[in-house]
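# Breakdown of the fold
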Amino acid sequence: MPVRLDSQDKNFSADFETLLGSKREASEEVGAIVEGILRDVRERGDAAVMDLTARLDALTLTPETLRFSAEEIDAAAASISPKVRAALETAHARIKAHHEKQKPADHVYQDHIGVTLGTLWTAVEAVGIYVPGGTASYPSSVLMNAVPAKVAGVERIAMVVPTPRGEANPTVLAAAKIAGVTEIYRIGGAQAIAALAYGTASIAPVSKIVGPGNAFVAAAKRQVFGTVGIDMIAGPSEVLVIADASANPAWVAADLLAQAEHGGGAQSILLTTHKALADAVEKEVLRQVALLPRAQIAGEGWQEFGAVITVRSLDEAVVLANRIASEHVELALDDPRALLPKIRNAGAIFLGHHTPEAIGDYVGGSNHVLPTARSARYASGLGVLDFMKRTSVLGCDPTSLGVLADAAITLAETEGLDAHGRSVSIRLNRG
């Protein structure tokens, strides 16, 4: 059964802490297995990748067939329906337009004593994108990861996507083509992460790896961090709906089930000031779940990880929401903007009754790669800056160096780094 809490109950604080601390990740121990896979790929390269793909994905590959050919990508893109193509193009255009507004400008200036200071932004040279495959395929993830990289100016994007038994989703390949990604490998799992991080004879290494995956992919990203950069360790998806009496219970229930149908520990939480709405939403969830093709997954997700919390006020809801720090926060209110400045911890916020989270998943324009597992307390969703590096610029002329020299030499001597101080004084003929 989904958790039902009331902030006025005497045990609420303890029960709420239990909800926050509940573990939704897969419990299997994968770290040691992944460590072995990474070591194997590092030592044997293509051979290890192909052996693991044959064993785990029932797909036999050669160095020549690791990568999708241009003809295969074109054929897949041509095979999708005009309606699907139009939807992908709409999503691509909106995601690109929004992310172009995130691109920072270089800034170099001269301060009042003549010191040149500034910041230069440069794109990461090569990025690897992991796209999940298997039980579900996500062309939207291709766009959400590739478009900001392209906007940032990344020169090389290498995409990996598992193709169990050789089955490739043509919509995923079509999305890649629309996004301008042409280097695509039919591999997945920890072995794909290893190939991107360390390189093989057929796959050149990248500088950063982004994109969600299963527990093995998450563990592999964690272990290769340092050799390459990563975006984040993605956990199960989650939504928090804050609603009052103005909300439509059928709409709220639909949004809760939209997250639950992800499976894999996805969590849906309703925070409401209105007990009658809470009761109505629970009834609606039971009615609607039976109508879904993925009814078993959504139903089990709601029963195991769902929660309905009633509170005394929206101010109290905000306090709890900031503690939950959900990946997605929907404000199902007549005046959502009044609450917007108070929500500090959220991956993304969706305003009002007519903004279901699913619009953000696909065509809103904002990115759907967002912090999970309460990491919205300190992390942000994927964006253009994740594919760029900031370089500081500093320049002194003789006059400005003279102004700063005494303070610099004093601090160097205080730290016992005399050579540091001398590198300044020598330029002023002080020794």
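Check the entry above for the structure.
So, a few notes on the structure that sits alongside this text.

Attention now goes to the side chain of Glu-282. For Glu-282, the location among the structural elements is in helix H11 (residues 275-289). When its relative accessible area of 19% is taken as the criterion, Glu-282 is described as buried. In contact with Glu-282, other than residues within four places in its own chain, are Pro-2, Arg-4 and Val-308.

Below, the discussion takes up the sheet that holds strand E3 (residues 116-123). Pairing in this open sheet of three strands is antiparallel, and the strands run E2-E3-E14 from one edge to the other. Edge positions in the sheet fall to strand E2 (107-110) and strand E14 (388-395), since each has one partner strand and no second. Taking each pair of neighbouring strands and ignoring which way they run, the sheet shows an average axis angle of 15 degrees.

Attention now goes to the sheet that holds strand E11 (residues 307-310). Through backbone hydrogen bonds, the strands of a sheet pair up, either in parallel or in antiparallel fashion. Pairing is parallel in the open sheet, where six strands are placed in the order E1-E11-E10-E9-E12-E13. One side of each edge strand has no neighbouring strand; the edge strands of this open sheet are strand E1 (3-6) and strand E13 (348-351). Between one strand and the next, the sheet's axes are offset by a mean angle of 15 degrees, whatever the strand orientation. With six bridges joining them, strand E9 (residues 238-243) and strand E10 (residues 267-272) adopt parallel strand pairing. Within the sheet, the bridge partner assigned to Glu-238 lies in E10 and is Gln-267.

Within strand E5 (residues 156-160), five of the five residues are buried, which leaves the element mostly enclosed by the surrounding structure. Going residue by residue along E5, you find Arg-156, Ala-158 and Val-160 tucked away on one face and Ile-157 and Met-159 tucked away on the opposite face as well. Looking at chain direction, strand E4 (residues 126-130) and E5 are connected through five bridges and run parallel. When the sheet's bridge partners are listed, Gly-128 is paired in E5 with Ala-158. Pairing of E5 with strand E6 (residues 183-185), which is carried by three bridges, proceeds in the parallel orientation. Within E6, the position partnered with Ala-158 by the bridge is Glu-183. Handedness of the crossover joining E5 and E6 through helix H7 (residues 170-179): right-handed.

On to the pairing of E4, then. Where burial is concerned, most of E4 is hidden: five out of the five residues are buried. The side-chain alternation of E4 yields two buried faces, one formed by Ala-126, Gly-128 and Tyr-130 and the other by Val-127 and Ile-129. Here three bridges tie E4 to strand E7 (residues 208-210), and the two strands are oriented parallel to one another. Counterpart to Gly-128 in the pairing with E7 is Ile-209.

Attention shifts here to helix H5 (residues 82-100). The end-to-end C-alpha distance of H5 is 27 Å, a good match for the 27 Å that 19 residues give at a rise of 1.5 Å each. Those residues of H5 that sit buried are Leu-88, Ala-91, His-92, Ile-95 and His-99. The buried residues of H5 all sit within an arc of 105 degrees when viewed along its axis, so they share a single face. Turned more than 90 degrees away from the buried face of H5 sit Pro-82 and Lys-83, all of them exposed.

On to the packing of H11 against helix H12 (residues 295-305), then. The N-to-C vectors of H11 and H12 enclose an angle of 160 degrees; their axes lie 10 Å apart at closest approach. With respect to their mutual orientation, H11 and H12 come out roughly antiparallel. The crossing of H11 and H12 is left-handed. For the pair H11 and H12, contact is made by Val-285, Leu-286 and Val-289 and by Ala-295, Ala-298, Gly-299, Trp-302 and Gln-303, respectively. Classifying every residue of the contact of H11 with H12 gives six nonpolar, two polar and no charged.

Conventions we followed
Residues numbered from 1 in each chain as written. Predicted model: local features only at pLDDT ≥ 70, side-chain atom pairs only at ≥ 80, totals over all residues. Heavy atoms only, no water. Helix = DSSP H or I, 4+ residues; strand = E, 2+ residues; numbered from the N terminus. Buried < 20%, exposed > 50% of the residue type's maximum accessible area, 1.4 Å probe, protein only. Contact = heavy atoms within 4.5 Å. Pairing = 2+ DSSP bridges. Axes fitted to C-alpha atoms, helices over the stretch in contact; angles between N-to-C directions. Right-handed = clockwise from strand over helix to strand, strands pointing away. Expected span 1.5 Å × (residues − 1). Arc of directions from axis to C-beta. Parallel < 35°, antiparallel > 145°, perpendicular 65-115°, else oblique. Left-handed = near helix turned anticlockwise from the far one by under 90°. Nonpolar A, V, L, I, M, F, W, Y, C, P; charged D, E, K, R; others polar.

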